[in-house]
Amino acid sequence: MFAGQEQQAELQLQQALYNQEQHTVGEVYVIGAGPGAADLLTFRALRLMQQADVVVYDRLVSPEILDLVRRDAEKIYVGKERDHHTVPQENINTLLAELAKSGKRVARLKGGDPFIFGRGGEEIETLMQQGVQFQVVPGITAASGCASYAGIPLTHRDHAQSVTFVTGHLKNDSINLNWTQLAAANQTVVVYMGLVGIEKICNALIAHGSPSDFPIALVQEGTMQNQRVITGTLSTLPQLIANAQIKPPTLIIIGTVVTLHKQLNWFQTKGN
Ligand code: SAH
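From a predicted model like this one, the values you see are computed outputs, not experimental measurements.

Thresholds applied
- Residues numbered from 1 in each chain as written.
- Predicted model: local features only at pLDDT ≥ 70, side-chain atom pairs only at ≥ 80, totals over all residues.
- Heavy atoms only, no water.
- Helix = DSSP H or I, 4+ residues; strand = E, 2+ residues; numbered from the N terminus.
- Near = heavy atom within 4 Å.
- Polar contact = N/O pair within 3.5 Å; in protein donor to acceptor, adjacent residues only side chain to side chain.
- Areas by Shrake-Rupley, 256 points an atom, 1.4 Å probe, with all protein chains shown as cover.
- Axes fitted to C-alpha atoms, helices over the stretch in contact; angles between N-to-C directions.
- Parallel < 35°, antiparallel > 145°, perpendicular 65-115°, else oblique.
- Left-handed = near helix turned anticlockwise from the far one by under 90°.
- Contact = heavy atoms within 4.5 Å.
- Nonpolar A, V, L, I, M, F, W, Y, C, P; charged D, E, K, R; others polar.
- Salt bridge = Lys/Arg side-chain N within 4 Å of Asp/Glu carboxyl O.
- Phe/Tyr/Trp six-rings, centres within 6.5 Å; stacked < 30°, edge-to-face > 60°.
- Buried < 20%, exposed > 50% of the residue type's maximum accessible area, 1.4 Å probe, protein only.
- Pairing = 2+ DSSP bridges.

K.L.:
What am I meant to see in unusual backbone geometry here?
P.N.:
Outside of glycine, negative phi angles account for most residues, and trans bonds account for most peptide bonds. Pro248 connects to Pro249 through a cis peptide bond whose omega is -5°. By the element assignment, Pro249 lies in the loop between α9 (237–242) and β12 (250–254). Phi at Arg119 is positive, roughly 60°, even though this residue is not glycine. In this fold, Arg119 is placed in the loop between β6 (105–110) and α5 (120–129).

Structure, rendered in structure tokens:
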């Protein structure tokens with residue numbers, strides 16, 4: 001190596017070391033924290049949660065999961081409640097980008113899976129636009145968690161050849177879904193955010209051809225010690241729920257697979 005080249009290599013090395021010390025590059029981990037039970041986190045989620053300097057978390061992230069973040073990590077709550085967004089989504093997007101740009105490793109903890117009714121796409125869009133490094137960690141979505149822990153298989157050779165996830169969130173007091181498609185036989189329909197609109201959902205399905213005695217279940221706090229499963233039919237469930245003092249979060253499962261719950265219910269909760 002010529003003297004000049006050697007000098008240049010040395011300079012490059014110095015520069016690299018300087019960059020590493022002075023300008024630690026921040027990064028965002030968009031992590032699906034699963035449906036609630038802490039041991040349903042993925043191994044990767046847990047590892048990144050323990051590396052992060054800051055944790056930005058939602059209402060659906062359970063306290064037992066928050067307990068697993070690095071002890072000295074800063075915790076920022078940006079939870080959302082129905083019709084009352086604690087922090088608007090745009091502000092969350094910018095917050096994540098700013099934190100990462102200040103050199104922090106940010107764990108963005110979200111309930112279930114970030115890409116299923118989780119607005120994970122919007123968050124990484126902003127990060128991408130602003131040139132912030134990120135990665136997405138999938139999580140067990142509420143449909144999988146609730147179905148497993150309620151003993152209601154989402155597909156089954158004798159019952160359902162397909163499964164559809166929909167949001168039951170009301171917009172201007174109505175739910176805009178393809179009811180004819182959802183009322184067809186041999187499938188399972190899972191409704192996220194459907195508690196408030198449950199009566200509208202049941203009525204719409206009946207109006208589009210579902211039998212009024214078609215099976216439907218509501219799973220409250222799925223996978224957690226307080227899990228409750230209430231089963232009924234499209235005509236009876238709204239009333240059963242009205243009398244049951246339901247607590248969020250709740251998931252609705254519609255289809256003849258619901259009849260298997262009685263037989264396949266394996267998860268022992270505090271109440272049974
Ligand atoms: N990204 C999340 C869903 C967020 S939308 C996921 O993949 O699971 C929030 C809705 O998810 C709630 O209104 C409820 O319908 C459902 N949900 C989330 N966790 C739940 C749980 N433990 N039990 C029942 N429903 C749950």
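Once you've had a look at it, read on.
K.L.:
Looking at this structure, how should I read the site of the ligand?
P.N.:
For the ligand, the set of nearby residues contains 19 residues, the closest of which are Pro35, Asp113, Ile116, Thr141 and Thr250. At 2.8 Å, a backbone N or O of Asp113 approaches an oxygen atom of the ligand. The backbone of Met193 places a nitrogen or oxygen atom 2.9 Å from an oxygen atom of the ligand. Relative to its unbound accessible area of 550 Å², the ligand is 91% covered by the protein chains. Looking at the shell around the ligand, the elements that each hand over two or more residues are α6 (142–150) and β12.

K.L.:
Explain the packing of helix α4 (residues 89–101) against α5 here, please?
P.N.:
Helix-helix packing: each pair is described by the crossing angle between the helix axes and the interaxial distance. One way to put it is that α4 packs onto α5 with a least axis distance of 9 Å and a crossing angle of 45°. Between α4 and α5, the crossing angle belongs to the class labelled oblique. By crossing handedness, the relation of α4 to α5 is classed as right-handed. Residues Gln89, Ile92, Asn93, Leu96 and Ala97 of α4 lie in contact with α5, whose contacting residues are Glu122, Glu123, Thr126 and Leu127. Within the contact of α4 with α5, the residues separate by chemical class into 4 nonpolar, 3 polar and 2 charged.

K.L.:
What am I meant to see in the pattern of salt bridges here?
P.N.:
If charged atoms from side chains of opposite charge come close, those side chains can pair. Applying the stated rule across the entire model yields 8 salt bridges. For Arg108, the salt bridge goes to Asp58, with nearest N and O atoms at 3.1 Å. A residue pair is termed long-range when its members are at least 10 positions apart, and Arg108 in strand β6 and Asp58 in the loop between β2 (54–57) and α3 (63–66) qualify at 50 residues. The shortest N-O distance in the salt bridge between Lys200 and Asp173 comes to 3.7 Å. Remark: Asp173 occurs in the loop between β8 (162–167) and α7 (179–182) and Lys200 occurs in helix α8 (residues 198–207); sequence separation between them is 27 residues. Where salt bridges share partners, they join Asp53, Arg70, Asp72 and Arg105 into one cluster.

K.L.:
Just checking my understanding: could you explain the packing of aromatic side chains for this structure?
P.N.:
The geometry of two aromatic rings is summed up by the distance between their centres and the angle between their planes. Under the defined criterion, the tally for this structure stands at 6 aromatic pairs. Where Tyr149 meets Phe267, the ring centres are 4.7 Å apart and the plane angle is 70°; that geometry is what we call edge-to-face. Taken as a pair, Tyr149 in helix α6 and Phe267 in the segment after α10 (261–264) lie far apart in primary sequence, 118 residues in all. Tyr149 gets classed as buried once you look at its relative accessible area, which sits at 15%. Phe267 sits in the buried class, given a relative accessible area of 11%. Here the aromatic cluster, defined as three or more aromatic residues joined through ring pairs, consists of Phe117, Phe165 and Tyr192.

K.L.:
Is there a simple way to think about the sheet that holds strand β1 (residues 27–32) in this case?
P.N.:
Within a beta sheet, neighbouring strands are joined by backbone hydrogen bonds and run either parallel or antiparallel to one another. Reading across the sheet, the 5 strands line up as β3-β2-β6-β1-β7 and stay open at both edges, with parallel pairing between neighbours. A single partner strand is all that each edge strand has here, and the edge strands are β3 (74–77) and β7 (133–137). Going from strand to strand, the sheet's axes swing by 20° on average, the running direction of each strand aside. Bridge analysis of β2 against β3 gives 4 bridges, and the strand direction is parallel. Pairing of Tyr57 across the sheet is with Tyr77, part of β3. Relative to the sheet, α5 contacts β1, β6 and β7, its axis offset from that of β7 by approximately 160°.

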